[in-house]
Amino acid sequence: LLMAIFNFSLFLLLSPWFLIMLIVSFGVAAGVLYFRKNKIIVPPDPAAKPANPLEFRIAIIFTLLFVAFSFITYFTLKQFGTKGLQTLAYIVGVTDIDPFLISLFHGKFGVGITMVAIATLQAVFSNNLLKLIYSLVLSGKDCRKFLLIGFGIILTVNFLIIWII
């Protein structure tokens, strides 16, 4: 949705690819649910309240990250060109990628739409890789096989899409 709001041309370019990734992700989730041995579903703790994303403090942090990533992206492109942008996209994946992506979607960095698309997919790839690492560290041993297979499929599809584009 953010892509459609900020850069509709990029949305038109990437939406079929994101649809493929969405279908693969749902397929992986369905497969994990079907093949898992432990059929017990633990309900969420009703006492735990999620943070409100519209809270002022969170909005300030997001704004600061957006401005910082805009400057970092501009500096990286000026100093290192598109290869630097690709490297930055992978590095940014270990953080909150939304501010980086929104700054890219504005398209004010003088790179083509294809390069923005590749950098977007690279940031998504490294962010999913980070989620795999978190999951492996925080999960029990019985989940690790499912995590490696599931994330392996998702990361492979993501990598192939980057390679195709």
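Note: the structure precedes this text.
Definitions and limits used
Residues numbered from 1 in each chain as written. Predicted model: local features only at pLDDT ≥ 70, side-chain atom pairs only at ≥ 80, totals over all residues. Heavy atoms only, no water. Helix = DSSP H or I, 4+ residues; strand = E, 2+ residues; numbered from the N terminus. Buried < 20%, exposed > 50% of the residue type's maximum accessible area, 1.4 Å probe, protein only. Contact = heavy atoms within 4.5 Å. Areas by Shrake-Rupley, 256 points an atom, 1.4 Å probe, with all protein chains shown as cover. Axes fitted to C-alpha atoms, helices over the stretch in contact; angles between N-to-C directions. Parallel < 35°, antiparallel > 145°, perpendicular 65-115°, else oblique. Left-handed = near helix turned anticlockwise from the far one by under 90°. Nonpolar A, V, L, I, M, F, W, Y, C, P; charged D, E, K, R; others polar. Phe/Tyr/Trp six-rings, centres within 6.5 Å; stacked < 30°, edge-to-face > 60°. Lys NZ or Arg CZ within 6 Å of the ring centre and 35° of its normal. Patch = residues over 30% accessible without salt bridge, like charges linked within 9 Å, V, L, I, M, F, W, Y side chains within 5 Å. Salt bridge = Lys/Arg side-chain N within 4 Å of Asp/Glu carboxyl O.

A.B. asks: Quick question: what am I supposed to make of the overall build of the protein here?
C.D. replies: Check the secondary structure of the protein and you find six helices and zero strands. Secondary structure elements of the protein occur, N-terminal to C-terminal, as α-α-α-α-α-α. In the protein, which comprises 165 residues, the proportion classed as buried is 32%. Looking at the protein alone, contacts between residues at least 24 apart form 72% of all its contacts between residues at least 6 apart. When the accessible surface of the protein is totalled, it reaches about 10,800 Å², and 74% of it is carbon and sulfur.

A.B. asks: Is there a simple way to think about the packing of helix α2 (residues 8–35) against helix α6 (residues 141–164) in this case?
C.D. replies: To describe two helices that pack against each other, one gives the angle between their axes and the distance between the axes. For the pair α2 and α6, interaxial distance at closest approach is 10 Å and the crossing angle is 165°. Relative to α6, the element α2 lies roughly antiparallel. Where α2 crosses over α6, the handedness of that crossing is right-handed. Counted together, Trp17, Ile20, Met21, Val24, Ser25, Val28, Val32 and Phe35 of α2 and Phe146, Gly150, Ile153, Ile154, Val157, Asn158, Ile161 and Ile164 of α6 form the full contact between these two elements. Of the residues in the contact of α2 with α6, the class split is 13 nonpolar, three polar and no charged.

A.B. asks: What should I look at first to understand the environment of Val28 in this one?
C.D. replies: Here Val28 lies in helix α2. We classify Val28 as buried; its relative accessible area is 14%. As for Val28 and Phe146, which are separated by 118 residues in sequence, their C-alpha atoms are 9.2 Å apart.

A.B. asks: When you look at the side chain of Thr73 in this model, what are you seeing that I'm missing?
C.D. replies: Relative to the assigned elements, Thr73 resides in helix α3 (residues 56–92). For Thr73, a relative accessible area of 0% corresponds to the buried category. Look past the residues within four positions of Thr73 in its chain and what remains in contact with it is Leu85, Leu88, Phe100, Ser103, Leu104 and Phe109.

A.B. asks: So what exactly am I meant to see when it comes to the packing of aromatic side chains here?
C.D. replies: The geometry of an aromatic ring pair comes down to the distance between the two centres and the angle between the two planes. Under the criterion given, the structure shown has two aromatic pairs. An angle of 85° between the planes, with centres 6.2 Å apart, marks the rings of Tyr90 and Phe125 as edge-to-face. Of this pair, Tyr90 sits in helix α3 while Phe125 sits in helix α5 (residues 113–138); the two residues are 35 residues apart in sequence, bridging distant segments of the chain. The ring of Phe146 carries the charged tip of Lys145 above its face, separated from the ring centre by 5.8 Å.

A.B. asks: What's the story with the packing of helix α4 (residues 97–105) against α5 in this structure? I'm lost.
C.D. replies: α5 packs onto α4 with a crossing angle of 175° between their chain directions and a minimal axis gap of 10 Å. Taken together, the axis directions place α4 and α5 in an arrangement best described as roughly antiparallel. Counting all contacts with α4, which are made through Ile97, Phe100, Leu101, Leu104 and Phe105, the residues of α5 involved are Val116, Ala119, Thr120, Ala123, Val124 and Asn127. Among the residues making up the contact of α4 with α5, the classes are represented as nine nonpolar, two polar and no charged.

A.B. asks: How should a nonpolar patch on the surface be read in this particular structure?
C.D. replies: Residues Leu129, Ile133, Tyr134, Val137 and Leu138 make up a contiguous nonpolar surface patch of roughly 540 Å² in combined accessible area. In this fold, Leu129 is placed in helix α5. With a relative accessible area of 35%, Leu129 lands in the partly exposed category.

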